[in-house]
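Letter by letter, the chains look like this.
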Amino acid sequence: MTKFTITLSNGMKLTIEGFHMTPTYSGLILGEPDEEINKEILKRTSYPREWGERKAVYKQINILKSETELKPFTYSVWLTGESINDKNNQFDGSSIILIWFGDDPTTKSIQEIILFELEKFDWNKHAENFLI
């Protein structure tokens, strides 16, 4: 299976291990979005279970479409890259799961959606080294 990669502006190459998107209000049958519904959605937002236990970062900046409505899509991406500050060469790489609320992706590729969110993301600060 071919995996997609992206390259950050600093030249770091990352592999997209998994990508998931879903409409934010897909389970809302009755009512309109409000603060209470949004709090419940924020509390339940996660990434696919089959990705296993991993460090996840939830982006909380710029998540609202309006005063009472979250952005229309919820995204999660599992990324891996080279290990961070691994002077003793003891790790196999680094990874992170990033979760955010965003706009409709109609004309963007998966790589474009992810790169836009990673534009100001500090990989070295948030990602975690792992052993296979």
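The coordinates are above.
Residues numbered from 1 in each chain as written. Predicted model: local features only at pLDDT ≥ 70, side-chain atom pairs only at ≥ 80, totals over all residues. Heavy atoms only, no water.

Asker: What should I look at first to understand the pairing of strand β4 (residues 73-81) in this one?
Answerer: Residues in a regular strand point their side chains to alternate faces of the sheet. Burial within β4 is extensive, with nine of its nine residues counted as buried. Alignment of strand β2 (residues 13-23) against β4, held across eight bridges, turns out to be antiparallel. In the strand pairing of β4, Met-21 is matched with Tyr-75. Bridging between β4 and strand β5 (residues 93-102) involves nine bridges; their strand directions are antiparallel. Directly across from Tyr-75, in β5, lies its bridge partner Trp-100. (Buried < 20%, exposed > 50% of the residue type's maximum accessible area, 1.4 Å probe, protein only. Helix = DSSP H or I, 4+ residues; strand = E, 2+ residues; numbered from the N terminus. Pairing = 2+ DSSP bridges.)

Asker: Where do I start with unusual backbone geometry in this structure?
Answerer: Negative phi is the rule for most residues except glycine; trans is the rule for most peptide bonds. One non-glycine residue, Asn-85, lies in the positive phi region at around 45 degrees. Residue Asn-89 is not a glycine yet carries a positive backbone phi of 50 degrees. Turning to its location among the elements, Asn-89 is positioned in the loop between β4 and β5. Residue Asn-89 is classed as exposed on the basis of its relative accessible area, which comes to 64%.

Asker: What is the right way to read helix α2 (residues 110-118) from this model?
Answerer: Taken as a whole, α2 has its buried residues at Ile-113, Ile-114, Glu-117 and Leu-118. For α2, the angular spread of the buried residues around the axis is 125 degrees, confining them to a single face. Of the surrounding secondary structure, the elements contacted by the buried residues of α2 are β1 (4-7), β2, β4 and β5. (Arc of directions from axis to C-beta. Contact = heavy atoms within 4.5 Å.)

Asker: It is not clear to me how the packing of aromatic side chains should be interpreted in this structure. Could you clarify?
Answerer: The description of an aromatic ring pair uses the distance of the two centres, along with the angle that the planes make with each other. Under the definition given, this model contains five aromatic pairs. Ring geometry for Trp-51 against Trp-78: centres 6.0 Å apart, planes inclined by 45 degrees, an arrangement best described as tilted. Of this pair, Trp-51 sits in the loop between α1 (35-44) and β3 (56-58) while Trp-78 sits in strand β4; the two residues are 27 residues apart in sequence, bridging distant segments of the chain. The buried category is assigned to Trp-78, whose relative accessible area is 14%. Seen from their ring centres, Tyr-75 and Trp-100 are 5.2 Å apart, and the 15 degrees between their planes marks the pair as stacked. On the criterion of sequence distance, the pair formed by Tyr-75 in strand β4 and Trp-100 in strand β5 is long-range, its members being 25 residues apart. Note on Tyr-75: relative accessible area 2%, which makes it buried. (Phe/Tyr/Trp six-rings, centres within 6.5 Å; stacked < 30°, edge-to-face > 60°.)

Asker: I tried to follow the side chain of Lys-71 on my own but got confused; where do I start?
Answerer: Among the secondary structure elements, Lys-71 is positioned in the loop between β3 and β4. A polar atom in the side chain of Lys-71 sits 3.4 Å from the backbone oxygen of Asn-62. In contact with Lys-71, other than residues within four places in its own chain, are Thr-24, Asn-62, Ile-63, Leu-64, Lys-65, Phe-101, Gly-102 and Asp-103. (Polar contact = N/O pair within 3.5 Å; in protein donor to acceptor, adjacent residues only side chain to side chain.)

Asker: Would you explain the nonpolar core in this entry?
Answerer: Soluble, globular proteins show a tendency: their nonpolar side chains are buried together. Leu-14, Leu-79, Ile-114, Leu-118 and Trp-123 are the most contacted members of the largest nonpolar core, which has 20 residues in total. The greatest single-element share of this core, amounting to four residues, is contributed by β4. Ignoring any residue separated from it by four or fewer positions in sequence, one finds Trp-123 in contact with Met-12, Leu-14, Leu-79, Thr-80, Gly-81, Glu-82, Ile-84, Ser-94, Ser-95 and Ile-96. (Core = buried A, V, L, I, M, F, W, Y, C linked by side-chain atoms within 4.5 Å.)

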